[in-house]
Amino acid sequence: MNEPESLQHALPSAEEPPLCCDAAVPGGRAAPFFTGNLFLIGFMGAGKSTVASAFHTLCGMKVLEMDEEIERRAGMPVSDIFSTLGEEAFRQMETELITTLEPGRRFVVSCGGGTPMREVNVRAMRRRGTIVWLTATADTVLERVADSNARPLLEGHKDRGYIQAMMNQRRPKYQAAADIAVATDGKDAAEICGDILAALAERSGTHSQEG
């Protein structure tokens, strides 16, 4: 399966070494070589884009911002997709984008907040990499999104009660989809990356023992 042109340009060359971010792991614990894709899921404002960028800086992974790629394909902002084509059309675009990625390409993918709501998306992500759920409290999310107009589902609803209710509604889907869950409250991006890498190392060790 071929990636779209914008992804093809970002693919690592065969000479690039596999990912190993030992320096980013807390306590100096070594992370395993990891050559798969990482899918970052979580509520709006959980820090997916920031963490994806940090993985690029720390580990050399290629970043795929799902919303940005969908905007490029559609030729309009996400807010306009929602207002003119509807949410269902946007969700279908997410599904189509995920299925263009091949396993083992070393992408860190910043997913939309609603991406795991579709089971077909979860199955597609699992076949192509590891799903990491970034968690945050409603207060943290509100602080992070307060000045943003890029989240159509929160426009006119930037209050703690609305955010908490939506988070509660989505939490079961996030939990069911996630291979790993990492809290982001009160942490910088490097700390969060370290926590993810440590969880990957632990998960890899557990799977090795089971095998």
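Residues numbered from 1 in each chain as written. Predicted model: local features only at pLDDT ≥ 70, side-chain atom pairs only at ≥ 80, totals over all residues. Heavy atoms only, no water.

## Focus: the sheet that holds strand E3 (residues 107–110)
- Sheet architecture is open: five strands sit in the order E2-E3-E1-E4-E5, paired in parallel fashion. Looking at which strands have only one partner, the edges of the open sheet turn out to be strand E2 (62–65) and strand E5 (180–183). Put simply, the sheet's adjacent strands are angled 25 degrees from each other on average, direction ignored.
- Pairing analysis gives four bridges linking strand E4 (residues 129–135) to E5, with the strands arranged parallel. Bridge assignment links Val132 to a residue of E5, and that residue is Ile180. (Pairing = 2+ DSSP bridges. Helix = DSSP H or I, 4+ residues; strand = E, 2+ residues; numbered from the N terminus. Axes fitted to C-alpha atoms, helices over the stretch in contact; angles between N-to-C directions.)

## Describing the state of the cysteines
- One pass over the full model with this rule turns up zero disulfides.
- With no disulfide partner, Cys193 has as its closest neighbouring cysteine sulfur the one in Cys59, 6.3 Å distant. (Disulfide = S-S within 2.5 Å.)

## Re the packing of aromatic side chains
- Within this structure, the stated rule accounts for two aromatic pairs.
- Relative to Phe90, the ring of Phe82 has its centre 5.1 Å away and its plane inclined at 45 degrees; by these criteria the two rings are tilted. Assigned by exposure class, Phe82 and Phe90 land together as buried.
- Considering the side-chain rings of Trp133 and Tyr174, the 5.9 Å spacing of their centres and the 40 degrees angle between planes classify their relative orientation as tilted. Taken together, the residues span a long stretch of sequence, with Trp133 in strand E4 and Tyr174 in helix H8 (residues 160–177) at a distance of 41 residues. Of the two residues examined, Trp133 and Tyr174, each falls in the buried class. (Phe/Tyr/Trp six-rings, centres within 6.5 Å; stacked < 30°, edge-to-face > 60°. Buried < 20%, exposed > 50% of the residue type's maximum accessible area, 1.4 Å probe, protein only.)

## Description of the packing of helix H4 (residues 78–85) against helix H5 (residues 87–98)
- Taken N-terminus to C-terminus, the directions of H4 and H5 make an angle of 125 degrees; their axes are 7 Å apart at the nearest point. Between H4 and H5, the angle is such that the two are oblique. Residues Val78, Ile81, Phe82 and Leu85 of H4 touch H5, and the partners they reach there are Glu87, Ala89, Phe90, Arg91 and Met93.
- When its residues are assigned to classes, the contact of H4 with H5 shows seven nonpolar, no polar and two charged. (Parallel < 35°, antiparallel > 145°, perpendicular 65-115°, else oblique. Contact = heavy atoms within 4.5 Å. Nonpolar A, V, L, I, M, F, W, Y, C, P; charged D, E, K, R; others polar.)

## Examining the nonpolar core
- Counting 32 residues, the largest nonpolar core has Ile41, Phe43, Val109 and Met125 as its most contacted members.
- Examining the composition of this core, we find that five residues originate from one element, H8, more than from any other.
- Met125 has contacts with Phe39, Ile41, Ile98, Cys111, Thr115 and Ile131, leaving out every residue within four places of it along the chain.
- Counting 21 residues, the second largest nonpolar core, distinct from the first, contains Leu38, Val51, Val108 and Leu197. (Core = buried A, V, L, I, M, F, W, Y, C linked by side-chain atoms within 4.5 Å.)

## Description of the pattern of salt bridges
- Within the structure shown, the criterion is met by eight salt bridges.
- Between Glu94 and Arg91 there is a salt bridge, with its nearest N and O atoms 3.1 Å apart. With Glu94 and Arg91 both in helix H5 and three residues apart, this pair spans about one turn of that helix. Pair check on accessibility: Glu94 and Arg91 agree, each one buried.
- Between Arg160 and Asp139 there is a salt bridge; the shortest N-O distance is 2.9 Å. Of this pair, Arg160 sits in helix H8 while Asp139 sits in helix H7 (residues 138–145); the two residues are 21 residues apart in sequence, bridging distant segments of the chain.
- By relative accessible area, Arg160 is classed as partly exposed at 41%.
- Beyond isolated ion pairs, a larger network of salt bridges with shared partners links Glu69, Arg72 and Arg73. (Salt bridge = Lys/Arg side-chain N within 4 Å of Asp/Glu carboxyl O.)

## A short note on the environment of Val120
- When you line up the elements, Val120 lands in helix H6 (residues 119–128).
- The partly exposed category is assigned to Val120, whose relative accessible area is 34%.
- When the C-alpha positions of Val120 and Ile98 are compared, they lie 9.9 Å apart, and in sequence the two are 22 residues distant.

## Some details on H5
- For H5, which comprises 12 residues, the first-to-last C-alpha distance of 17 Å matches the rise-based estimate of 16 Å (1.5 Å per residue) to within 8%.
- For H5, the full list of buried residues reads Phe90, Arg91, Glu94, Thr95, Leu97 and Ile98. For H5, the buried positions fall inside an angular range of 165 degrees around the axis, keeping them on one side. (Expected span 1.5 Å × (residues − 1). Arc of directions from axis to C-beta.)

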